[in-house]
Amino acid sequence: MTHDPRLVLLNAALAAAERGWHVFPLRPGSKRPALHGEKSCTRTGECCGGHRKWEQRATTDPDRIRAAWSRAPFNVGIATGPSGLVVVDLDTPEHKGCSDAPDGAAIFGALCERAGHAVPDTYRVRTTSGGTHLYFTAPAGVRIGSTAGTVAESVDTRGWGGYVVAAGSILPAGQYEALRAPETAPVPSWLQSILQPAPKPAQAPSVAVAGQSRRYADVALANETRNVATAQHGSREAALFRAARALGRFVAWGDLPRHLVEQALQEAGEATGLSASECRSTLRSALNWSITHNSRRRATA
């Protein structure tokens with residue numbers, strides 16, 4: 001077995017590429033991309049048609065990989081979106097600055113249990129901080145982005161717009177290590193339902209008056225509350241999340257007060273068996289996201 005860091009890292013990059021995962025170099029001993037930024041781009045070579053970021057330049061071409069890793073002992077980044085991956089990043093509480101909180105693995109295990117399934121047996125990597133990356137295959141044709149805290153505290157995800165440090169990469173604290181289960185399982189359906197963007201709301205007619213808009217919001221509130229209250233075991237939290245995202249736009253537009261939406265969905269969620277804290281956490285993150293992303297919708301309708 002070789003101990004030459006450059007060869008170790010080249011082999012790690014080639015092994016990831018053989019799986020169909022798109023890789024790019026990270027700075028030696030670091031988790032930061034080694035590629036140039038937009039400000040320093042010369043618009044030549046791969047960037048002759050405009051600056052290409054790491055997600056666009058990540059590759060599975062073994063010749064390009066050998067050429068890149070011959071220059072330095074680069075760590076290996078995997079661009080999760082182009083690779084068709086959704087990676088769940090389970091942090092340790094110390095990494096988040098809180099030593100007495102449950103770690104990401106325990107929280108994710110509890111989420112799987114509530115969904116009625118065991119933690120999937122899938123390819124996973126131990127990070128140098130003691131956390132774990134769970135690799136899942138994204139459904140074909142589905143574009144799932146990256147999240148931070150959307151699923152739960154200490155449970156982040158990497159999809160389009162994100163990357164992970166590949167097994168074999170070397171940091172001052174140690175080396176990223178591939179664990180059991182060489183195969184990559186499909187992303188769980190309950191997790192996908194949380195991660196997928198909310199459907200775009202129907203454009204309201206430009207002649208709609210405020211009273212009509214409020215009546216439409218009231219109907220939506222009643223429908224979404226009923227959807228949560230009748231959700232089956234295994235899909236309750238996902239239903240709550242979808243409802244909050246759907247109703248958040250009405251809060252952003254001033255058609256519904258936030259406290260009313262929170263109260264209705266909180267009661268519906270608890271009625272299905274979710275705990276009060278689970279409901280509050282889900283509602284907070286989903287409503288915040290929806291309000292932020294729908295703040296201009298009324299102006300462009």
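Residues numbered from 1 in each chain as written. Predicted model: local features only at pLDDT ≥ 70, side-chain atom pairs only at ≥ 80, totals over all residues. Heavy atoms only, no water.

Caption draft 1: Looking closely at the pattern of salt bridges. In total, this model carries five salt bridges according to the counting rule given. A salt bridge links arginine 66 to aspartate 63, with the nearest nitrogen and oxygen atoms 3.8 Å apart. Taken as a pair, arginine 66 and aspartate 63 lie in helix H3 (residues 62–69) at a separation of three residues, close to a single helical turn. Residue classification places arginine 66 among the partly exposed residues on the basis of a relative accessible area of 43%. For aspartate 63, a relative accessible area of 57% corresponds to the exposed category. Salt-bridge contacts for arginine 114 lead to glutamate 237; the nearest nitrogen and oxygen are separated by 2.6 Å. Highlighted residues: arginine 114 in helix H4 (residues 104–114) and glutamate 237 in helix H7 (residues 236–253), separated in sequence by 123 residues. The structure contains a network of salt bridges with shared partners spanning Arg114, Glu237 and Glu278. (Salt bridge = Lys/Arg side-chain N within 4 Å of Asp/Glu carboxyl O. Helix = DSSP H or I, 4+ residues; strand = E, 2+ residues; numbered from the N terminus. Buried < 20%, exposed > 50% of the residue type's maximum accessible area, 1.4 Å probe, protein only.)

Caption draft 2: Region of interest: helix H9 (residues 276–293). In this model H9 runs 26 Å from its N-terminal to its C-terminal C-alpha over 18 residues, within 8% of the 26 Å that 1.5 Å per residue would give. Inspection of H9 places Glu278, Cys279, Thr282, Leu283, Ala286, Leu287 and Ser290 among the buried residues, and these make up the whole buried set. Buried residues along H9 cover an arc of 130 degrees about the axis, so they all sit on one side. Where H9 is buried, its residues contact H4, H7 and helix H8 (258–271). (Expected span 1.5 Å × (residues − 1). Arc of directions from axis to C-beta. Contact = heavy atoms within 4.5 Å.)

Caption draft 3: Quick peek at the environment of glycine 20. Residue placement: glycine 20 occurs in the loop between helix H1 (5–18) and strand E1 (23–26). In sequence terms glycine 20 and proline 82 are 62 residues apart; their C-alpha atoms lie 9.3 Å from each other.

Caption draft 4: View of the sheet that holds E1. One open sheet accounts for three strands, arranged E1-E2-E8; its pairing is antiparallel. Either end of the sheet is taken by a strand with one partner, and the two such strands are E1 and strand E8 (163–165). Here the strands of the sheet are splayed against their neighbours by 35 degrees on average, with no regard to which way each runs. Where strand E2 (residues 75–79) lies against E8, three bridges are found, and the strand directions are antiparallel. Residue pairing for E8: glycine 77 is matched across the bridge by valine 165. (Pairing = 2+ DSSP bridges. Axes fitted to C-alpha atoms, helices over the stretch in contact; angles between N-to-C directions.)

Caption draft 5: Inspection of the pairing of strand E6 (residues 147–152) at higher detail. Sheet topology places E6 next to strand E7 (residues 155–158); two bridges connect them, and they run antiparallel. From the neighbouring strand, alanine 152 faces E7, where its bridge partner is valine 155. Two successive antiparallel strands, E6 and E7, enclose a turn made up of two residues, where serine 154 displays a positive phi of approximately 65 degrees.

Caption draft 6: Representation of the confidence of the model for the chain within the structure. Residues with a pLDDT of 70 or more make up 88% of the chain, whose mean pLDDT is 85. Predicted confidence in the chain is weakest over helix H10 (residues 297–300), with a mean pLDDT of 41, and strongest over E2, with 97. Contacts of residues 204–209 to residues separated by more than four positions or lying in other chains number two contacts, the stretch itself having pLDDT below 50. Contacts from residues 297–301, a stretch scored under 50 in pLDDT, to residues over four places away or in other chains number nine contacts. (pLDDT = per-residue confidence, 0-100.)

Caption draft 7: Layout of the pairing of strand E3 (residues 85–90). With respect to burial, E3 is a largely interior element, six of its six residues being buried. Residues of E3 alternate between two faces, with Leu85, Val87 and Asp89 on one and Val86, Val88 and Leu90 on the opposite face, all of them buried. With six bridges connecting them, E3 and strand E5 (residues 132–137) associate as antiparallel partners. Looking across to E5, one finds that leucine 90 is bridged to threonine 132. Sheet analysis places E3 next to E7, joined by four bridges and oriented antiparallel. The partner of valine 88 across the bridge, within E7, is threonine 157.

Caption draft 8: View of the side chain of threonine 147. Relative to the elements of secondary structure, threonine 147 occurs in strand E6. Here threonine 157 takes part through its side chain, which lies 2.6 Å from a polar atom of the side chain of threonine 147. Once residues within four sequence positions are removed from consideration, threonine 147 is found in contact with Asp156, Thr157, Arg158 and Leu195. (Polar contact = N/O pair within 3.5 Å; in protein donor to acceptor, adjacent residues only side chain to side chain.)

Caption draft 9: Representation of the packing of aromatic side chains within the structure. According to the stated counting rule, one finds nine aromatic pairs in the structure shown. Centroid distance tryptophan 54 to tyrosine 163: 5.0 Å. Interplanar angle 70 degrees. Geometry classified as edge-to-face. Linking tryptophan 54 in helix H2 (residues 54–57) with tyrosine 163 in strand E8, this pair joins segments that are 109 residues apart in sequence. Just above the ring of tyrosine 123 sits the side chain of arginine 19; from NZ or CZ to the centre is 4.4 Å. (Phe/Tyr/Trp six-rings, centres within 6.5 Å; stacked < 30°, edge-to-face > 60°. Lys NZ or Arg CZ within 6 Å of the ring centre and 35° of its normal.)

Caption draft 10: Region of interest: the side chain of threonine 122. In this structure, threonine 122 sits in the loop between H4 and strand E4 (124–126). Under the relative-accessibility criterion, threonine 122 is labelled buried at 0%. Looking at threonine 122, its side chain comes within polar contact range of the main-chain oxygen of tyrosine 135, at 2.5 Å. Here the side chain of threonine 122 touches alanine 185 through a polar contact of 2.8 Å, landing on its backbone nitrogen. Setting aside its immediate chain neighbours within four residues, threonine 122 contacts Leu134, Tyr135, Phe136, Arg180, Ala181, Glu183, Thr184 and Ala185.

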